[in-house]
Amino acid sequence: MALIKTNARSATALDATILTGNLPAISGASLTGLTVGLTATSQWRLTTTFSSAALPITSNWEQVDTDGYANLGSAITESSGVFSFPATGFWLITFCASYNASSDNDRYVNTLIETTTTTSSFDVAAKAFTNIPQSAFSTSTGANGVTSFLFDVTNVSTHKVRFGCEFTDSATQMTGSSTYNNSFITFSKLGDT
Amino acid sequence: MDIGIGRPNHIEEALVVMNNNQWFTWTDSKNKVYANLRLTEKIGVDGNVIDNPVTELPTESAVNAKLKELQDAWDSKNA
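Residues numbered from 1 in each chain as written. Chains lettered and ligands numbered in written order. Predicted model: local features only at pLDDT ≥ 70, side-chain atom pairs only at ≥ 80, totals over all residues. Heavy atoms only, no water.

Draft legend 1. Structural view of the pairing of strand 14 (residues 184-191) of chain A. All names here are of chain A. With seven of eight residues buried, strand 14 is to be regarded as a mostly interior element. In this sheet, strand 14 lies alongside strand 3 (residues 40-46) in antiparallel orientation, the contact comprising six bridges. Looking at the pairing, R45 lines up with F184 of strand 14. Alignment of strand 8 (residues 89-101) against strand 14, held across seven bridges, turns out to be antiparallel. Residue pairing across strands places F90 opposite G191, the latter belonging to strand 14. (Buried < 20%, exposed > 50% of the residue type's maximum accessible area, 1.4 Å probe, protein only. Helix = DSSP H or I, 4+ residues; strand = E, 2+ residues; numbered from the N terminus. Pairing = 2+ DSSP bridges.)

Draft legend 2. Region of interest: the interface of chain A and chain B. Between chain A and chain B, the contact holds 29 residues from the first and 26 residues from the second. Here A:D65 ties to B:K30 by a salt bridge, and the two come within 3.0 Å at their closest N and O atoms. If you look at where chain A meets chain B, you find 21 residue pairs in polar contact (both at pLDDT 80 or more). Elements with a contribution of two residues or more to the side of chain A that touches chain B: strand 3 and strand 4 (50-51) of chain A. When its residues are assigned to classes, the side of chain A that touches chain B shows eight nonpolar, 17 polar and four charged. (Contact = heavy atoms within 4.5 Å. Salt bridge = Lys/Arg side-chain N within 4 Å of Asp/Glu carboxyl O. Polar contact = N/O pair within 3.5 Å; in protein donor to acceptor, adjacent residues only side chain to side chain. Nonpolar A, V, L, I, M, F, W, Y, C, P; charged D, E, K, R; others polar.)

Draft legend 3. Examining a nonpolar patch on the surface more closely. Together, A:L38, A:L72, A:F90, A:L92, A:L150 and A:L190 line one region of the surface with nonpolar side chains, adding up to about 490 Å² of accessible area. The class of A:L38 is partly exposed, set by a relative accessible area of 46%. (Patch = residues over 30% accessible without salt bridge, like charges linked within 9 Å, V, L, I, M, F, W, Y side chains within 5 Å. Areas by Shrake-Rupley, 256 points an atom, 1.4 Å probe, with all protein chains shown as cover.)

Draft legend 4. Spatial organisation of the nonpolar core. With 30 residues, the main nonpolar core has A:F163, A:M174 and A:F187 as its most contacted residues. Those elements giving two or more residues to this core turn out to be strand 3, strand 8, strand 9 (108-116), strand 11 (141-153), strand 12 (160-167) and strand 14 of chain A. For this core, the leading source of residues is strand 8 of chain A, giving six residues. Within the second largest apolar cluster, 11 residues are counted, among which are B:I11, B:L15, B:W26 and B:L37. (Core = buried A, V, L, I, M, F, W, Y, C linked by side-chain atoms within 4.5 Å.)

Take a look at the structure:
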């Protein structure tokens with residue numbers, strides 16, 4: 001049945017409650033006022049486990065490349081642990097770190113995101129505190145530290161990010177893998193700056 | 001094996017406890033064998049990037065010996 005529109009006051013004040021029948025197809029080219037959704041997202045991960053604190057984590061990062069992974073949009077780039085953005089915009093950065101502790105010492109770990117807007121120095125932008133629990137059945141137990149930061153990248157040349165961890169016990173490990181996401185970062189561009 | 005979950009069975013588990021921080025890397029992270037083991041140039045300490053204080057790779061026999069030490073300790077604890 002064709003669309004029947006009755007008693008419409010104007011084309012700009014269309015009352016949906018008085019519409020009956022089938023809506024006509026609308027050409028996407030006719031739509032205005034829409035904003036583009038997520039345009040870029042990608043993941044990186046730590047490939048290799050290490051012990052003791054590392055701030056920043058300078059090596060052993062790789063872009064995820066297994067199990068059907070693909071970037072949406074342009075890729076983030078990394079050099080010596082410093083990550084650069086392919087485009088300006090509001091970027092949500094989430095760092096999920098996996099830890100393993102096997103001693104009876106303090107098991108506090110901090111998971112950090114550090115940013116710079118000048119490239120001259122980095123400041124702590126986000127820090128998660130985690131206490132790795134002990135088990136009655138094993139001295140070796142794990143935990144995750146997760147933190148995120150919304151970074152308004154207005155200049156891709158000056159706005160950078162890096163990651164790190166702090167431990168109270170040097171025997172604690174941040175664990176990584178090159179075959180699955182163990183400690184990893186997700187970058188998502190939410191919109192234009 | 002996932003590190004810390006079960007009996008150690010990979011040289012990476014030995015390397016991790018031989019020195020602190022990110023002192024080693026792999027030329028191919030999908031093929032973590034001794035031949036692909038390398039020292040990193042830099043490590044991060046307290047917000048600074050410094051030269052890797054480890055300047056020499058351990059020998060393959062030393063790495064294997066450390067792995068066996070970890071395995072023996074695990075076996076002893078889980079006998």
